[in-house]
Amino acid sequence: MAADTPIDMALWQGRTDPEPDSDRWHQRIQPLANNAVPGCALLGFECDAGVARNQGRTGAAEGPNALRRALAPLAWHRTAPAYDAGNVRCVDDELEAAQQALADRLTSLLTAGHLPIVMGGGHEVAYASWLGLAQSFMPKTAPPRIGIINLDAHFDLRDPVHIRSSGTPFAQIADKCQEWGWSFRYACLGVSRAANTRALFTRAAALGTLVREDREIDALRLDSIVRDVQRFIAKCDHIYLTIDLDVLPAAEAPGVSAPAARGVSLALIEPLVEAVRDSGKLRLADLAELNPSLDIDSRTARAAARLVHLLTLNE
C-alpha cells in the first residue's frame, strides 16, 4: 500500500534579500499543477521498508522533507521552473506497492516533459525510479538504451529471490531487463571493496558493470574517470543517475544508514555529476539514504541539497 502526501509549501522557507535578482529556491519553487510548463519536478519517497529489510538503520523516510528544508535557502540560478510534486509514502512494509506507485508518478512526470528528481528514502527507490523511466518508453518497438550511473559505496546487486530490499534494486533491474530483452547498462562509481563481498564483485563483472572503487577516485585520476563516464554515456540514449549519499565520507554525510569509513569527497563527486548533467541525456535522478535522525548539523542534508542545486544549474 502507498499513499500520496500532500504538498507542503510551508517547508520552503529562508531569507529574502533586498537586492534585485537575489532569489532563492524557497521564493521560486512552485507546487506542481496540471499542464505546468516543463521544468524540474521534486518528488519525495517516504520509505524505510527497504532499509529495514536490509537490516540497516531506519529513518530515511524523513529524508525528503529534510532535503527540502536544506535546499530552500540556496541561491536560485535556474531559468526553467522548478516544482514540488509532493511525496509518495510507503505504508508499513508494503514496499512493492510503494515502488509501483512512485514509478507511475514518475512516468506521468516524464511524459509531461519534466526532469524528475526523486528524494529518498532508502536506495530501494532505485528500482522504482528505473521502472518509472522504463514505463515511459512503452510501448516501443526497439528497446531503449538506458544507462544507469550509480554513485554509491555499494553495488546493491544482492540476489532478490529471497527478499527485496535497499540492497537489491540493480539486481532487480538486471532481471527485468533480461525478462524484457533489454540491455543492462550499469556503472557503479565509489564502490568500497571492504563493504562488498567477492560474490558481489563477481556478479558486477558478469553483468558488464563499469566499476570504479572509492580508492581509485582521487584528484590525479579524476579526469580519466570522467572520460570513462563520458564513454559510458556515449553508448546510451538515456541516463538515469542515482546517488546514494553513503558514497560520501562519514564526515561529510553522517546521516545515512551505512556511513563510509573512506568514501569519495563531494569535491570529487561533483565533476562526475556535472559530466552526467551536461551530457544532454539525463532523464531522471534520485538521491537516497538521507536519514535526518542520524545527521549532524544537517551535514548530509546540506550535501544532498548542493547536489540537487548542481544537477539543475544548466536549465
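Quick caveat, the model's predicted, so the values are computed rather than measured. (Residues numbered from 1 in each chain as written. Predicted model: local features only at pLDDT ≥ 70, side-chain atom pairs only at ≥ 80, totals over all residues. Heavy atoms only, no water.)

In this section: the nonpolar core. As a rule of thumb, soluble globular proteins bury nonpolar side chains together. Core analysis: the largest hydrophobic core is formed by 56 residues, its most contacted members being Leu42, Ile149, Leu151, Leu241, Leu245 and Val273. When residues in this core are grouped by element, the largest group, 8 residues, is from helix α10 (residues 299-311). Contact partners of Leu245, with chain neighbours within four places excluded, come to Ala253, Val256, Leu287, Ala288, Leu290, Thr300, Ala304 and Leu307. The next biggest cluster of nonpolar side chains, apart from the first, holds 45 residues, and it includes Leu95, Trp130, Leu157 and Tyr240. (Core = buried A, V, L, I, M, F, W, Y, C linked by side-chain atoms within 4.5 Å. Buried < 20%, exposed > 50% of the residue type's maximum accessible area, 1.4 Å probe, protein only. Helix = DSSP H or I, 4+ residues; strand = E, 2+ residues; numbered from the N terminus. Contact = heavy atoms within 4.5 Å.)

Bringing the side chain of Glu46 into the picture now. With respect to the secondary-structure elements, Glu46 resides in strand β3 (residues 40-46). Buried charge Glu46 goes without a salt bridge, the closest partner of opposite sign being Arg89 at 4.2 Å. When sequence neighbours within four positions are dropped, the list of residues in contact with Glu46 reads Thr5, Ala61, Pro64, Asn65, Asn87, Val88, Arg89 and Cys90. (Lys, Arg positive; Asp, Glu negative; His and termini not counted. Salt bridge = Lys/Arg side-chain N within 4 Å of Asp/Glu carboxyl O.)

Moving on, we come to the environment of Ala98. Relative to the helices and strands, Ala98 is located in helix α4 (residues 95-111). Its relative accessible area of 0% is what places Ala98 among the buried residues. A C-alpha to C-alpha distance of 4.7 Å links Ala98 and Ala2, two positions 96 residues apart in sequence.

Interpretation in functional terms is not warranted from these geometric data alone.
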